[in-house]
Amino acid sequence: MLENQKIRPHQVIGPLGEPLTLDSLPPPGTTRWVVRRKAEVVAAVSGGLLTVDEVCERYDLTVEEFAGWQRAVERSGMPGLRVTRIQHYKSLYERQQKY
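Residues numbered from 1 in each chain as written. Predicted model: local features only at pLDDT ≥ 70, side-chain atom pairs only at ≥ 80, totals over all residues. Heavy atoms only, no water.

A. Summary view of unusual backbone geometry. The phi dihedral of aspartate 60 is positive, around 55°, even though this residue is not glycine. Relative to the elements of secondary structure, aspartate 60 occurs in the loop between α2 (52-59) and α3 (63-76). (Helix = DSSP H or I, 4+ residues; strand = E, 2+ residues; numbered from the N terminus.)

Here it is in structure tokens:
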């Protein structure tokens, strides 16, 4: 029976190099999403602390919204999560794809 259970880490490394645990993540129901909080949630999923489904339920996000955060981090790092810079980084990424 134990082989069917997924083993999850108790902590993962956050976007700023600090350890992240379930207790140190933004609280459930968070509605104000600053860059650091978004990056922490993306790091938690990347590290296996939470699944995408758990994050979406915990924070009332759509899968598409969370996937957008993941893409932004992959393409541009934490600065890509800034709402005011999304268009800039999107066009920069599209230009890079052409070459």
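B. Representation of the pattern of salt bridges. As enumerated under the stated definition, the model contains 2 salt bridges in all. With a shortest N-O distance of 2.7 Å, glutamate 54 and arginine 8 are connected by a salt bridge. Taken together, the residues glutamate 54 in helix α2 and arginine 8 in the segment before β1 (12-13) connect sequence positions 46 residues apart. For arginine 8, a relative accessible area of 36% corresponds to the partly exposed category. The closest approach of N and O atoms between glutamate 40 and arginine 36, which form a salt bridge, is 3.1 Å. Here glutamate 40 and its partner arginine 36 are both found in helix α1 (residues 35-46), 4 residues apart, which amounts to about one turn of the helix. The class for glutamate 40 is buried, based on a relative accessible area of 6%. For arginine 36, a relative accessible area of 37% translates into the label partly exposed. (Salt bridge = Lys/Arg side-chain N within 4 Å of Asp/Glu carboxyl O. Buried < 20%, exposed > 50% of the residue type's maximum accessible area, 1.4 Å probe, protein only.)

Geometry only, nothing functional implied.
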